[in-house]
Amino acid sequence: NPMVVANAVAAISEILDTNPNAAKQVNIDTPTVNKLLTALNECTEWGQIFILDSLNNYSPRDEKECISICERITPRLAHANAAVVLSAVKVLMKLMDQINNTEFVQMLQKKLAPPLVTLLSAEAEIQYVALRNINLVVQKRPDILKHEIKAFFVKYNDPI
């Protein structure tokens, strides 16, 4: 049951936040990651965020596994919830560092740009969080928004 998986991940995350020594007891392996990715499609938004955040702590065995995980997470970039999108961006940014296939990384960068720009059309609080995250993304991968630069120009009706 995906809801049970998401709630279990949420509970484990809370335990790890309160007791850092417990991290030694939690071992995420490939079969567990596959189960988490399967549950990801059927969870609530909060469940997806917890699962994505837990995947951020996982180190894939090889590049093939990195690419597989990226392909399964990429659909989250089109989610309506900004937190799900930003959690997916965080995981993808981490995994891109472990991928040597430049063609695949460039394709991922092209897929990351539109969701980040779309977040800028949300309400002011989400815009602020999005801009802070975009700043971090651009520091790590400067070319990621090179085709979306127009979105950052000041418009005549922007608030002062």
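Residues numbered from 1 in each chain as written. Predicted model: local features only at pLDDT ≥ 70, side-chain atom pairs only at ≥ 80, totals over all residues. Heavy atoms only, no water.

Student: Please explain the overall build of the chain as it appears in this structure.
Tutor: The secondary structure content of the chain amounts to 7 helices and 0 strands. When the helices and strands of the chain are placed in sequence order, the string is α-α-α-α-α-α-α. Relative to its length of 160 residues, the chain is compact, with a C-alpha radius of gyration of 17 Å against a globular reference of 15 Å. Across its three principal directions, the C-alpha atoms of the chain cover 55 × 35 × 30 Å. Classification of the 160 residues of the chain by burial places 39% in the buried group. (Helix = DSSP H or I, 4+ residues; strand = E, 2+ residues; numbered from the N terminus. Rg over C-alpha atoms; globule rule 2.2 N^0.38 Å. Buried < 20%, exposed > 50% of the residue type's maximum accessible area, 1.4 Å probe, protein only.)

Student: Any chance you could explain the nonpolar core here in plain terms?
Tutor: Grouped burial of nonpolar side chains is what soluble globular proteins tend to show. Counting 45 residues, the largest nonpolar core has Ile51, Leu52, Leu55, Ile73, Val89 and Leu112 as the members making the most contacts within it. In terms of residue count, helix H5 (residues 82-96) provides more of this core than any other element does, 11 residues in total. Filtering out sequence-adjacent residues up to four positions away, Leu55 remains in contact with Val33, Leu36, Leu37 and Ile73. (Core = buried A, V, L, I, M, F, W, Y, C linked by side-chain atoms within 4.5 Å. Contact = heavy atoms within 4.5 Å.)

Student: Hey, could you run me through the confidence of the model for the chain in this one?
Tutor: The pLDDT averaged across the chain works out to 89; a share of 98% of its residues lies at or above 70. For the chain, helix H1 (residues 2-18) is the element with the lowest average pLDDT, namely 87, and H5 is the one with the highest, namely 95. (pLDDT = per-residue confidence, 0-100.)

Student: Please explain the pattern of salt bridges as it appears in this structure.
Tutor: If charged atoms from side chains of opposite charge come close, those side chains can pair. Counting across every chain of the model gives 4 salt bridges. The salt bridge partner of Arg61 is Glu65, with a shortest N-O separation of 3.9 Å. The exposure class assigned to Arg61 is exposed, which follows from its relative accessible area of 62%. Via salt bridges that share partners, Asp97, Lys140 and Arg141 belong to a single interconnected network. (Salt bridge = Lys/Arg side-chain N within 4 Å of Asp/Glu carboxyl O.)

Student: What exactly am I supposed to notice about the packing of helix H2 (residues 30-40) against helix H3 (residues 45-55) here?
Tutor: To describe two helices that pack against each other, one gives the angle between their axes and the distance between the axes. It is at 10 Å that the axes of H2 and H3 come closest, and there the two elements cross at 155°. What the angle tells us is that H2 and H3 run roughly antiparallel. The way H2 lies across H3 gives a crossing that is left-handed. Residue-level contacts link Val33, Leu36, Leu37, Ala39 and Leu40 of H2 to Gln48, Ile51, Leu52, Ser54 and Leu55 of H3. (Axes fitted to C-alpha atoms, helices over the stretch in contact; angles between N-to-C directions. Parallel < 35°, antiparallel > 145°, perpendicular 65-115°, else oblique. Left-handed = near helix turned anticlockwise from the far one by under 90°.)

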